[in-house]
Amino acid sequence: MVKNEFVAHSEDNTKSIAIQLANVLIQQGLGGLTFYLNGDLGAGKTTFTRHLIQALGHNGNVKSPTYTLVEPYEIEDIKLFHFDLYRLADAEELEFMGIRDYFNDNSMCLIEWAEKGWGLLAKSDVEINIMIDNIHDDNRLLEFVATSDAGERLLSALER
Ligand SMILES: Nc1ncnc2c1ncn2[C@@H]1O[C@H](COP(=O)(O)OP(=O)(O)OP(=O)(O)O)[C@@H](O)[C@H]1O
Ligand SMILES: [Mg+2]
């Protein structure tokens, strides 16, 4: 199992880690990858995602998809979808939005609160676990765990 751990002492450190991941993604290609972002409310899932999307080349805002469930971006010829399923009330909502079509070789998906997706989502390639250090407010432990062969290729390159 390939796993990387990072300690971020500030949001700026989190941004540096997002930039490192973005660089490997740019080398290897974004298409077909699915990331689940796990962590408590306020852990920093959206913050990490924002820095990642911007490091991938998006020059604009990245707002939390809390109310819209999904926000789309375009990175070169890849569609990137940022989901936040926290407010999802019913799996039918995902069926209704045509959830299967979001996962394909020309898209990359970053999903907060994936556990609310009740098996309707693509399997993850990488899980990003973010933990808060209760003693030092801005400290975060970031753990990247590969959950597929593609995820392993990505994280192995990140290690080097
Ligand atoms: N080291 C750090 N890395 C990331 N965010 C940090 C860090 N230190 C402090 N923060 C702050 O923590 C907050 C994280 O909020 P964010 O919305 O990203 O959390 P979230 O995990 O997406 O929560 P939710 O489950 O509600 O969507 C932000 O206000 C951010 O500035
Ligand atoms: Mg969030």
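Residues numbered from 1 in each chain as written. Chains lettered and ligands numbered in written order. Predicted model: local features only at pLDDT ≥ 70, side-chain atom pairs only at ≥ 80, totals over all residues. Heavy atoms only, no water.

Novice: Just to check I follow, could you spell out the overall build of the protein chain for this structure?
Specialist: Per the secondary structure count, the protein chain includes four helices and seven strands. The globule rule puts the C-alpha radius of gyration for 160 residues at 15 Å, and the 15 Å found for the protein chain is close to it. Based on the C-alpha atoms only, the size of the protein chain along its principal axes is roughly 40 × 35 × 35 Å. Every one of the 160 residues in the protein chain was classed for burial, and the buried ones make up 48%. Long-range contacts, defined as pairs at least 24 residues apart, comprise 66% of the intrachain contacts of the protein chain with a sequence gap of at least 6. Counting 13 positive and 26 negative side-chain charges, the protein chain places the averaged centre of each group 1 Å from the other. (Helix = DSSP H or I, 4+ residues; strand = E, 2+ residues; numbered from the N terminus. Rg over C-alpha atoms; globule rule 2.2 N^0.38 Å. Buried < 20%, exposed > 50% of the residue type's maximum accessible area, 1.4 Å probe, protein only. Contact = heavy atoms within 4.5 Å. Lys, Arg positive; Asp, Glu negative; His and termini not counted. Charge placed at Lys NZ, Arg CZ, Asp CG, Glu CD.)

Novice: What is the right way to read the site of ligand 1 from this model?
Specialist: Residues in close proximity to ligand 1 total 16 residues, the closest being Glu 11, Thr 14, Lys 45, Thr 47 and Asp 138. Note that an oxygen atom of ligand 1 is positioned 2.7 Å from one of the side-chain N or O atoms of Glu 11. Contact with the protein chains removes 75% of the 640 Å² of surface that ligand 1 exposes when unbound. Of all the secondary-structure elements, those providing two or more residues to the shell around ligand 1 are α1 (11–28) and α2 (45–55). If one sorts the elements of the shell around ligand 1 by residue count, α2 sits on top with three residues. Partitioning the shell around ligand 1 into residue classes produces three nonpolar, six polar and seven charged. (Near = heavy atom within 4 Å. Polar contact = N/O pair within 3.5 Å; in protein donor to acceptor, adjacent residues only side chain to side chain. Areas by Shrake-Rupley, 256 points an atom, 1.4 Å probe, with all protein chains shown as cover. Nonpolar A, V, L, I, M, F, W, Y, C, P; charged D, E, K, R; others polar.)

Novice: Explain the pattern of salt bridges here, please?
Specialist: Opposite charge on two side chains allows them to pair when their charged atoms are near. Applying the stated criterion across every chain yields a total of three salt bridges. Its salt-bridge partner being Glu 143, residue Lys 3 comes within 3.6 Å of it at the nearest N-O pair. A residue pair is termed long-range when its members are at least 10 positions apart, and Lys 3 in strand β1 (residues 3–8) and Glu 143 in strand β7 (residues 140–146) qualify at 140 residues. Among the residues examined, Lys 3 registers a relative accessible area of 36% and is labelled partly exposed. Glu 95 serves as the salt-bridge partner of Arg 100, at 3.3 Å between the closest nitrogen and oxygen. Using a relative accessible area of 53% as the deciding quantity, one classes Arg 100 as exposed. (Salt bridge = Lys/Arg side-chain N within 4 Å of Asp/Glu carboxyl O.)

Novice: Explanation requested: the packing of aromatic side chains in the structure shown.
Specialist: For any pair of aromatic rings, the description consists of the separation of the ring centres together with the inter-plane angle of the planes. Inspection of every chain in the model, using the stated rule, returns six aromatic pairs. Ring geometry for Phe 48 versus Phe 144: centroids 5.8 Å apart, planes at 65°, classification edge-to-face. Of this pair, Phe 48 sits in helix α2 while Phe 144 sits in strand β7, placing them 96 residues apart in sequence. Of the residues examined, Phe 48 reaches a relative accessible area of 0% and is grouped as buried. Ring centres of Phe 81 and Tyr 102 lie 4.7 Å apart, and the angle between their planes is 80°; on these two criteria the pair is classed as edge-to-face. Of this pair, Phe 81 sits in strand β4 (residues 78–84) while Tyr 102 sits in the loop between α3 (91–96) and β5 (107–112), and the two are 21 residues apart along the sequence. (Phe/Tyr/Trp six-rings, centres within 6.5 Å; stacked < 30°, edge-to-face > 60°.)

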